[in-house]
Amino acid sequence: MKILNKAFGFLLILSISKALFAANYQSEIGGVLDEKHVPFVLNQCSRSAPQNVTGTWKPDKNDIKTVEDQLFPILKKAKLSKIADRFNDYRLQYFGIIVDGQRVIYINAFLFSGENAGSFYIGPAPETCTAKHISWRNCPIVACDGSAAFWGIQYFVDSGFFNFFSSNGPAFVQPDD
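Residues numbered from 1 in each chain as written. Predicted model: local features only at pLDDT ≥ 70, side-chain atom pairs only at ≥ 80, totals over all residues. Heavy atoms only, no water.

## Focus on the environment of Ala84
Rules: Runs of E in the DSSP output that reach at least two residues are strands. Runs of H or I that reach at least four are helices, and both are numbered from the N terminus. Any two residues whose heavy atoms approach within 4.5 Å at even a single point are treated as in contact.
Along the chain, Ala84 turns up in helix H4 (residues 81-84). Sequence separation between Ala84 and Pro73 is 11 residues; the distance between their C-alpha atoms is 8.3 Å. Here Ala84 is in contact with Phe72, Leu75 and Lys76, once residues within four sequence places are set aside.

The following block contains the structure:
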């Protein structure tokens, strides 16, 4: 009986460890979203998104820490002051994708403060993103228009550089004739 209890205890610890390891990493300002959301987040309506995506992978804590440590200085250096000045008001969603054979973290960013906190249009997302379960930590945020309130950038993991920044376009209003 003792051997059975020890075996059960070991299997329980192993399964808990495996579940914790498999969980998507979350930081204070961002989180890795499930790979099932990649097709949706790549379907941006008013900005460019990664092309030639051939697969997915799961970024870990070290990958995200690297991105978060380097992103703000990159935005400042690129003279994106409108974004850099409010960097802490943004939330970042991370998606591990393979682009032309390279591991890339696609960062989907959106302003999350003040009047728009939590009020986003989420289009035809996967079934798990129902109105009852919408959270930026588990459902991709895709908005049309919004200018610098919504943007994306790619981080090429193996070479350590950011590229392909793109923000949403402004709303277009047809003037009355």
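## Overview of the environment of Val142
Here Val142 is to be found in the loop between strand E4 (102-111) and strand E5 (150-156). Each C-alpha atom of the pair Val142 and Asn108 lies 8.5 Å from the other, and the pair is 34 residues apart in sequence.

## So, the pattern of salt bridges
Selection rule: Should a side-chain nitrogen of Lys or Arg be within 4 Å of a carboxyl oxygen of Asp or Glu, the pair is scored as a salt bridge. Only protein chains enter the accessibility calculation, which uses a 1.4 Å probe; a residue whose area is less than 20% of its type maximum is buried, one above 50% is exposed, and one in between is partly exposed.
Overall, the coordinates contain 3 salt bridges when judged by the stated rule. When the shortest N-O distance is used, the salt bridge between Arg86 and Asp89 registers 3.1 Å. Under the relative-accessibility criterion, Asp89 is labelled partly exposed at 26%. For Arg103, the salt bridge identified is with Asp158, shortest N-O distance 2.9 Å. Highlighted residues: Arg103 in strand E4 and Asp158 in the loop between E5 and strand E6 (161-167), separated in sequence by 55 residues. Classification of Arg103 by relative accessible area gives partly exposed; the value is 31%. For Asp158, a relative accessible area of 59% puts it in the exposed group.

## A look at the nonpolar core
We count it as follows: Definition of nonpolar core: a set of buried residues of the types Ala, Val, Leu, Ile, Met, Phe, Trp, Tyr and Cys, connected through side-chain atoms within 4.5 Å.
If you look at the biggest cluster of nonpolar residues, it comprises 30 residues, and the most contacted ones within it are Leu71, Leu92, Tyr94, Ile105, Ile107 and Trp151. If you list the elements that add at least two residues to this core, you get helix H3 (61-77), H4, strand E3 (90-99), E4 and E5. Considering each element in turn, this core owes the most residues, 5 residues, to E4. Aside from chain neighbours lying at most four places away, what touches Leu92 is Ile29, Gly30, Gly31, Leu71, Phe87, Ile107, Asn108, Ala109, Trp136 and Trp151. Judged by nonpolar contacts, the second largest core, of 10 residues, contains Val38, Ile97, Tyr106 and Phe156.

## Comments concerning the state of the cysteines
Our working definition: Two cysteine sulfurs form what is called a disulfide whenever their separation falls within 2.5 Å.
Scanning all chains against the criterion turns up 1 disulfide. What pairs with Cys45 in a disulfide is Cys144, and their sulfur atoms sit 1.9 Å apart. With Cys45 in the loop between helix H2 (38-41) and strand E2 (53-56) and Cys144 in the loop between E4 and E5, the pair connects residues that are 99 residues apart, well separated along the chain.

## Considering the pairing of E3
Worth spelling out the cut-off: By this definition, two strands are paired if DSSP reports at least two bridges between them.
The buried fraction of E3 is high, at 10 of 10 residues. Burial along E3 is two-sided: Tyr90, Leu92, Tyr94, Gly96 and Ile98 facing one way and Arg91, Gln93, Phe95, Ile97 and Val99 facing the other are all buried. The pairing of strand E1 (residues 30-32) with E3 spans 3 bridges and is parallel. Note on E3: the bridge partner recorded for Val32 is Tyr94. Bridge count between E2 and E3: 3 bridges; the pairing is antiparallel. When the sheet's bridge partners are listed, Val53 is paired in E3 with Val99.

All we've got here are geometric facts, nothing functional implied.
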